[in-house]
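Residue-level structural notes
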Amino acid sequence: LVKISRVASLARMFPELMVMVDAMLQVLRSVAATAFFLFLTIYVYSIVFTLMLSTDDAGAGRFESVLQSLNFLLLQVLCGPDADLIMKMLETGWSCYFIYLSFVFLTTLALMNSLVGVICSVISDATDGANDTMLGEQLHKEIERMVQTLDVDQSGVLDLEEFQQLL
């Protein structure tokens, strides 16, 4: 219980931390959809490459089965495309070469960059919302301070005479 209160006090000390946590929770849906689409894309390409290269030297150790192809293509997305493999694909044939380049373009360039763009957009929106909230709270505190200063009879509200003094 004490540790939870420490985390809460830490969150009050650094409101930016809470903004980041809130933004990351908002972006989870987009990340899940992108991960699903990425897996689906890798699965389709792994079937294609297994059919094309399972008996070829270029596919040895990489595309012998669909599961092995899935693993290899996932590593290509996570670690970056392999230049030696691209050259082997070119030696195997233009069709393999262009299919592999389409895979690299679709997964690494288009899909992953769009994911980064979505994450940045959501974090920016969350930050803007948090800034608006903080500005509203500051404005509310400033108005309360002004009312307390102008409230001569300390009634908690400004009557007509006190308000006319303001003008």
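Up top is the structure these notes are about.
Rules used throughout
Residues numbered from 1 in each chain as written. Predicted model: local features only at pLDDT ≥ 70, side-chain atom pairs only at ≥ 80, totals over all residues. Heavy atoms only, no water. Helix = DSSP H or I, 4+ residues; strand = E, 2+ residues; numbered from the N terminus. Polar contact = N/O pair within 3.5 Å; in protein donor to acceptor, adjacent residues only side chain to side chain. Contact = heavy atoms within 4.5 Å. Core = buried A, V, L, I, M, F, W, Y, C linked by side-chain atoms within 4.5 Å. Buried < 20%, exposed > 50% of the residue type's maximum accessible area, 1.4 Å probe, protein only. Phe/Tyr/Trp six-rings, centres within 6.5 Å; stacked < 30°, edge-to-face > 60°. Salt bridge = Lys/Arg side-chain N within 4 Å of Asp/Glu carboxyl O.

A word on the side chain of S46
As for its position among the elements, S46 is in helix 2 (residues 15-53). Polar contacts involving the side chain of S46 include one to the main-chain carbonyl oxygen of Y43, which spans 2.7 Å. With sequence-adjacent residues up to four places away left out, S46 is seen in contact with V66, S69, L70 and L73.

Observations concerning the nonpolar core
Grouped together as the largest cluster of nonpolar side chains are 19 residues, with contacts concentrated most on I42, F49, F63, L73, M89, Y100 and F103. Secondary-structure elements contributing two or more residues to this core are helix 2, helix 3 (66-79), helix 4 (83-92) and helix 5 (94-150). Element by element, the count of residues in this core is highest for helix 5, at six residues. Setting aside chain neighbours within four positions, we find F103 in contact with I42, Y45, L73, Q76, V77 and T108.

Notes on the packing of aromatic side chains
Counted according to the given criterion, the structure contains ten aromatic pairs. Ring centres of F63 and F72 lie 5.3 Å apart, and the angle between their planes is 80°; on these two criteria the pair is classed as edge-to-face. Of the two residues, F63 and F72, both sit in the buried class. An aromatic cluster of three or more residues is present, and its members are Y45, F49, F63, F72, Y100 and F103.

Here's the deal with the pattern of salt bridges
Summed over all chains, the structure comprises one salt bridge. Among the salt bridges present, the one from R145 reaches E142, with a minimum N-O distance of 2.4 Å. Of the two residues, R145 and E142 both sit in helix 5, three residues apart, roughly one turn of that helix.

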